[in-house]
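The primary structure of each chain is shown beneath.
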Amino acid sequence: MENIRDYIKDNILLFDGGMGTYYAAKKNDVGRGCEFANISDAESIIDIHREYIEAGAKAIKTNTFGLNRVILAGDDEKCSELLRGGYENAKQAAGEDAFVFCDIGPIPEMDGNVVPADEYIWVADQFLSLGADAFLFETLDNMDGVAEVAAYIRSKRQDAFVIFSFAVMADGFTRAGVLASDIVEKLRTDKNIDSIGFNCACSAGHMLSVLDEVNTDGMILSVSPNAGYPVIIQNRSFYDGDPVYFAEQVSSLKAKGAAIVGGCCGTTPDHIRAVKNAVSVSKVIEKKTVHKLRDIATEEITQSLFWDKLLRKEKVIAVELDPPEGFNMSRFMGGAWELKGVGTDIITIADCPIGRPRMDSSLLACKIKRELGIDALPHMTCRDRNINSIKALLFGLYAEGIRNILLVTGDPIPTAERDEVKSVFQFNSRKLASFVDTLGKKKLPSPFHVFGALDVNARNFDVQLKLAREKVANGMVGFLTQPVLTPEAFENLKRAKAELDAFILGGIIPVVSEKNARFMDNEINGIRVDKKVIEMYVGKNRQESEELAVEISAEIAKRISDYVDGYYFMTPFGRTTLIKRIIEEVRG
């Protein structure tokens, strides 16, 4: 057959459609996944490949999208067998009539031990050993491992044709919060990548609007949208998008510069046949560059006095208040008023600490900003929110004048409740930071100031510093540390200030009794209390313990002063009067 690179010089390369959804519809069974049919029902897979080719597809994908060692729980032998079957079925169906692309889907992030590049390379190796020369990595939501596997494939086969396609929603973001335009800008200069594209996650019409904000000049663009949006009936997804309408939209995508077109979920041979009839495959239309400009509001933008003070290198004071467990917020707001009176710069509010439901931190932050006129720092966890809900919440926070956010992964939900409260979409704080940073810089008049947590009590602080550097690289500007109540925590705080290019707010929590000290030391993750401190509280009554708490907290603030940009006070048991006394002592 003709070389792929030579073919697309003068032709549109038309791909097939959605194997998974089409196979499920034909068999009326979602089953374990159509990839297992590479062995158990190879004849049906070959027939579907041929249906797409007869409909006009010049390129077909191997039926291997969901095959990798992570999904198959480390069963390397079975994974290799299914990959081989998928490749051989596609080659048999294609003959000399179509190019065969090895289809590789995203690597699930099951835990921190999975290295995407290693898993991509392992799958690519199986195909390379069979003589494969064309690869499609599709439905990706981030760029982890992309450059590494592209370089590896080229090192093994210099003439390989490699496409990376990302699942971008109608708003231009992937599920991991990466913006389509940023993907293109980062990957377009990689010489090991032949084509960058978009597939799945949105319809052809919405993909048109996504491309309006992406500079695809001078690159080979690939597009494979869904056949509209699915309807869920008895746990199955059904697409009823009209093939003719789909083809018209794909023709418009071609006019925007797409040299490779096809279909994803829900697209049948009828859709591909309609695309072939609607799109002239004999000539690539030169794209007319049209990039939309952001429509930025001209009204006055609310600024953050807390942030301005940090920039002026003045010591700031942040105080954390736990949100109410019920609907009554009188004590919470009364405490906030009290703290404002001693010059607190910002009130921080935890997001359902210890995984227990409390009043929403973002709503409370808006109320504090509106009624007290001081800055608020809502904590936002990755737990129980998908990207749509996070984005909607951020727009609301911005409209209410909130400019500072603290992002954390979130306390795990207690085991007994996991059947009742489930995560909708899994972020980690680094990826969430990147999303919030990009949203602020690309979609809002001014960015959010994104903060994170830093555990100075971690047994392996080198790991904490590594994660912190990654967070800074993803847009975080500062960290609030866990309480400094041991010599080790103090030394780690000094290291953090010396090694991180970020603002540091040193954590201080008043110890209010011997019992409280022992409880925090033994049962609160991220807090360590020096044994000498615990001994100081032995035999003390409440009044004596409070006096000692003020003295110790003020001494800690004095000791860490040269290594922090401000102080982060955590309020024990809602005792804001105690925090007020400590702040007065520190300011004095």
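Scroll up to find the structure this text is about.
Presented here is a report on the structure given in the accompanying data block. Here, residues in each chain are numbered from 1, in the same order as that chain's written sequence. Only residues with pLDDT of 70 or above have their local features reported here, since the model is predicted, and side-chain atom pairs are shown and tallied only from 80 upward, although totals for entire chains, interfaces and linings are computed over all residues. The basis for every side-chain value is the complete set of non-hydrogen atoms in the structure, without hydrogens or water.

**Observations concerning the packing of helix 13 (residues 330–340) against helix 14 (residues 361–372)**
Between two packed helices, both the angle of their axes relative to each other and the distance between the axes serve to describe the pair. The axes used here are C-alpha line fits, helices contributing only the stretch in contact, and every angle between their N-to-C directions lies in the interval 0 to 180 degrees. Where helices and strands are cited, they refer to DSSP runs of H or I of at least four residues and of E of at least two residues respectively, numbered from the N terminus. Running from amino to carboxyl end, helix 13 crosses helix 14 at an angle of 50°, the nearest separation of the two axes being 11 Å. Classified by the angle between their axes, helix 13 and helix 14 sit oblique to one another. Of the two possible hands of crossing, helix 13 and helix 14 adopt the one that is right-handed. Contacts between helix 13 and helix 14 involve Phe332, Met333, Ala336, Trp337 and Lys340 on the former and, on the latter, Leu364, Lys367, Ile368, Glu371 and Leu372. Ten residues, namely Ala, Val, Leu, Ile, Met, Phe, Trp, Tyr, Cys and Pro, are considered nonpolar, four, namely Asp, Glu, Lys and Arg, are considered charged, and the remaining ones, Gly among them, are considered polar. Here the contact of helix 13 with helix 14 is composed, by residue class, of seven nonpolar, no polar and three charged. Here the word oblique covers every angle except those under 35 degrees (roughly parallel), over 145 (roughly antiparallel) and from 65 to 115 (roughly perpendicular). Two helices crossing with the near one rotated counterclockwise from the far one by less than a right angle form a left-handed crossing, whereas a clockwise rotation gives a right-handed crossing. The criterion used for residue contact is that any of the two residues' heavy atoms lie within 4.5 Å.

**Considering the pairing of strand 17 (residues 503–508)**
For a regular strand, side-chain orientation follows a simple rule: the groups alternate between the two sheet faces. Most of strand 17 sits out of view: six of its six residues are buried. Side chains Phe503, Leu505 and Gly507 project from strand 17 onto one buried face, and the interleaved Ile504, Gly506 and Ile508 project onto a second face that is buried too. When DSSP finds two or more bridges between a pair of strands, those strands are recorded as paired. Where strand 16 (residues 476–483) meets strand 17, four bridges bridge the pair, whose relative direction is parallel. What sits directly across from Phe479, in strand 17, is Ile504. Only protein chains enter the accessibility calculation, which uses a 1.4 Å probe; a residue whose area is less than 20% of its type maximum is buried, one above 50% is exposed, and one in between is partly exposed.

**Observations concerning the sheet that holds strand 10 (residues 258–261)**
Read from one edge of the open sheet, eight strands run 1-10-7-6-5-4-3-2, paired in parallel fashion. Of all strands in the sheet, those bounded by a partner on one side alone are strand 1 (13–14) and strand 2 (59–61). The strands touched by helix 8 (residues 180–187) within the sheet are strand 5 (161–166) and strand 6 (195–203), with strand 6 carrying the most contacts at an inclination of about 165°.

**Side note on the sheet that holds strand 18 (residues 566–570)**
Spatially, eight strands are ordered 11-12-13-14-15-16-17-18 in a closed barrel, and the strand pairing comes out parallel. In this sheet, neighbouring strand axes are inclined to one another by 25° on average, regardless of whether the strands run parallel or antiparallel. Inspection of the sheet shows strand 13 (residues 375–381) paired to strand 14 (residues 404–408) by three bridges, in the parallel sense. Among the inter-strand pairings, Thr381 is bridged to a residue of strand 14, identified as Val408. Packed onto the sheet, helix 13 meets strand 11 (316–321) and strand 12 (346–349) and runs at close to 165° relative to strand 11. Relative to the sheet, helix 18 (residues 487–499) contacts strand 15 (449–454), strand 16 and strand 17, its axis offset from that of strand 17 by approximately 165°.

**Considering the packing of helix 21 (residues 542–560) against helix 22 (residues 576–587)**
The interhelical angle for the contact between helix 21 and helix 22, taken along N-to-C directions, is 40°, at an axis separation of 9 Å. Comparing the axis directions of helix 21 and helix 22 gives the class oblique. You can see that helix 21 and helix 22 cross each other, and the crossing is right-handed. Contacts between helix 21 and helix 22 pair Glu546, Glu547, Ala549, Val550, Ser553, Ala554 and Ala557 from the former with Leu578, Arg581, Ile582, Glu585 and Val586 from the latter. Tallied by class, residues from the contact of helix 21 with helix 22 come to seven nonpolar, one polar and four charged.

**Comments concerning the packing of aromatic side chains**
Each Phe, Tyr or Trp ring (for Trp, its six-membered ring) is paired with any other whose centre lies within 6.5 Å, and the angle between the two planes then decides the class: stacked below 30 degrees, edge-to-face above 60, tilted in between. Applying the stated rule across the entire model yields 14 aromatic pairs. Ring geometry for Phe137 and Phe164: centres 4.7 Å apart, planes at 15°, overall stacked. With Phe137 in strand 4 (residues 134–140) and Phe164 in strand 5, this residue pair connects regions lying 27 residues apart in the sequence. Each member of the pair, Phe137 as well as Phe164, carries the same accessibility label: buried. Taken together through their ring pairs, the aromatic side chains of Phe306, Trp307, Phe451 and Phe503 make up a single cluster. Two conditions define a charge located above a ring, namely a distance within 6 Å from the ring centre to NZ of Lys or CZ of Arg, and an angle within 35 degrees of the ring normal. A cation over a ring is seen here: Arg403 above Tyr398, with NZ or CZ 3.6 Å from the ring centre. Note that Arg559 overlies the ring of Phe490, its terminal NZ or CZ placed 3.8 Å from the centroid.

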